[in-house]
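In case you want the letters, here they are:
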Amino acid sequence: MPNGALTKADLAEKLYEELGLNKREAKELVELFFEEIRGSLETNEQVKLSGFGNFDLRDKSQRPGRNPKTGEEIPISARRVVTFRPGQKLKARVETYAGTKP
Amino acid sequence: MTKSELIEYIAEKQDHLPVRDVELAVKLLLDYMSEMLAEGERIEIRGFGSFSLHYRAPRMGRNPKTGDAVELEGKFVPHFKPGKEMRDRVNESIHS
């Protein structure tokens, strides 16, 4: 992607080019793909995509926090967060990337 | 939810497409995203999140069997940052 990150439009374009879905079908399919994953996570169900990775849920308990501007102490409430654990196959593919090291 | 369940759920909502096409599409999406990450591209899906690479510096490790020190090379690892809508929707479920 010469101008920045890969987006849903690029993914839909790929489905159109490689699978011959029409543009509307390709766009809908990309939307559904992400919506189904989000929907599952929203009902507290882990998503396991073999070869790619797992989206897991973690419950974090309340912890003390601070308003960085005023220094005032405010508790950070208990929350549920999504974490992504890349699968072996994805890790192996990415590891060898020889890009610029920060 | 597994990959085959994901394929099944999408197919139920796209009943004009054969399941076989949905299966090919899901596999192609995952493979293409992996390929792009492996080339160092970022992926940004609004409302869902972004995938990028994080660099892990070289370090000394140990062979767990022998206890010998081994040099581990620097490498890139995939990283996912959930987007705002994802964070909000998932966090709401803690209250229900």
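Residues numbered from 1 in each chain as written. Chains lettered and ligands numbered in written order. Predicted model: local features only at pLDDT ≥ 70, side-chain atom pairs only at ≥ 80, totals over all residues. Heavy atoms only, no water.

A. Looking closely at the overall build of chain A. The helix and strand tally for chain A stands at three helices and five strands. When the elements of chain A are put in sequence order from the N terminus, they spell out α-α-β-β-β-β-β-α. Taking 2.2 N^0.38 as the reference for a compact globule, 102 residues should give roughly 13 Å; the C-alpha atoms of chain A span a radius of gyration of 19 Å, well beyond that estimate. Viewed in the frame of its principal axes, chain A has a C-alpha envelope of about 55 × 40 × 30 Å. The buried share of chain A, taken over its 102 residues, is 34%. Within the structure as shown, chain A displays about 6,400 Å² of accessible surface, and the carbon and sulfur contribution to it stands at 47%. (Helix = DSSP H or I, 4+ residues; strand = E, 2+ residues; numbered from the N terminus. Rg over C-alpha atoms; globule rule 2.2 N^0.38 Å. Buried < 20%, exposed > 50% of the residue type's maximum accessible area, 1.4 Å probe, protein only. Areas by Shrake-Rupley, 256 points an atom, 1.4 Å probe, with all protein chains shown as cover.)

B. Region of interest: the layout of surface pockets. For the largest pocket, the calculated volume is near 160 Å³. Glu95(A), Arg56(B), Ala57(B), Arg59(B), Leu72(B), Glu73(B), Gly74(B) and Lys75(B) together form the lining of the largest pocket. Among the residues forming the lining of the largest pocket, the class breakdown is two nonpolar, one polar and five charged. (1 Å grid on protein atoms, 1.4 Å probe; cavity = no way out; pocket = protein on both sides within 12 Å on 5 of 7 lines; lining within 4 Å. Points joined across faces, edges and corners; volume = space filled by probe spheres on them. Nonpolar A, V, L, I, M, F, W, Y, C, P; charged D, E, K, R; others polar.)

C. Quick look at the side chain of Lys3(B). Following the sequence through the fold, Lys3(B) ends up in helix H1 (residues 3-13). Salt bridges are absent for the buried Lys3(B), whose nearest opposite-charge side chain, Glu23(B), sits at 8.3 Å. Setting aside anything within four residues of it in sequence, one finds Lys3(B) in contact with Lys48(A), Leu49(A), Ser50(A), Val26(B), Lys27(B) and Leu30(B). (Lys, Arg positive; Asp, Glu negative; His and termini not counted. Salt bridge = Lys/Arg side-chain N within 4 Å of Asp/Glu carboxyl O. Contact = heavy atoms within 4.5 Å.)

D. How the structure looks around the interface of chain A and chain B. Counting residues at the interface gives 55 residues for chain A, matched by 52 residues for chain B. Between chain A and chain B, roughly 5,300 Å² of surface is buried when both sides are summed, and carbon and sulfur atoms account for 71% of that area. Summed over the shared surface of chain A and chain B, the result is five salt bridges. Ionic pairing is found between Asp31(B) and Arg93(A), a salt bridge with its closest N-O pair at 2.9 Å. Where chain A packs against chain B, one counts 14 residue pairs in polar contact (both at pLDDT 80 or more). Sorting the residues of the side of chain A that touches chain B by element identifies helix H1 (8-19), helix H2 (23-42), strand E1 (47-49), strand E2 (53-60), strand E5 (79-86) and helix H3 (88-95) of chain A as the ones contributing at least two each. Sort the elements by how many residues they give to the side of chain A that touches chain B and H2(A) lands first, with 15 residues. Its residues assigned to classes, the side of chain A that touches chain B comprises 28 nonpolar, eight polar and 19 charged. (Buried area = accessible area lost by both parts, 1.4 Å probe. Polar contact = N/O pair within 3.5 Å; in protein donor to acceptor, adjacent residues only side chain to side chain.)

E. Structural detail: the confidence of the model for chain A. Put simply, chain A has an average pLDDT of 92, and 94% of its residues get 70 or more. Element-level pLDDT for chain A is lowest in strand E4 (residues 73-76) of chain A, with a mean of 91, against a maximum mean of 98 in E1(A). (pLDDT = per-residue confidence, 0-100.)

F. Representation of the packing of aromatic side chains within the structure. Tallied over the full model, the rule gives 14 aromatic pairs over all chains. For the ring pair Phe84(A) and Phe51(B), a centre distance of 5.5 Å and an interplane angle of 85 degrees mean the geometry is edge-to-face. Separated into two different chains, Phe84(A) in strand E5 and Phe51(B) in strand E2 (residues 49-56) make up a pair that spans both. Among the residues examined, Phe84(A) registers a relative accessible area of 12% and is labelled buried. With relative accessibility at 1%, the residue Phe51(B) sits in the buried group. Through a chain of ring-to-ring contacts, three or more aromatic side chains come together here, namely Phe33(A), Phe34(A), Phe52(A), Phe55(A), Phe84(A), Phe48(B), Phe51(B) and Phe80(B). The ring centre of Tyr16(A) lies 4.4 Å from the NZ or CZ of Lys23(A), which sits over that ring. (Phe/Tyr/Trp six-rings, centres within 6.5 Å; stacked < 30°, edge-to-face > 60°. Lys NZ or Arg CZ within 6 Å of the ring centre and 35° of its normal.)

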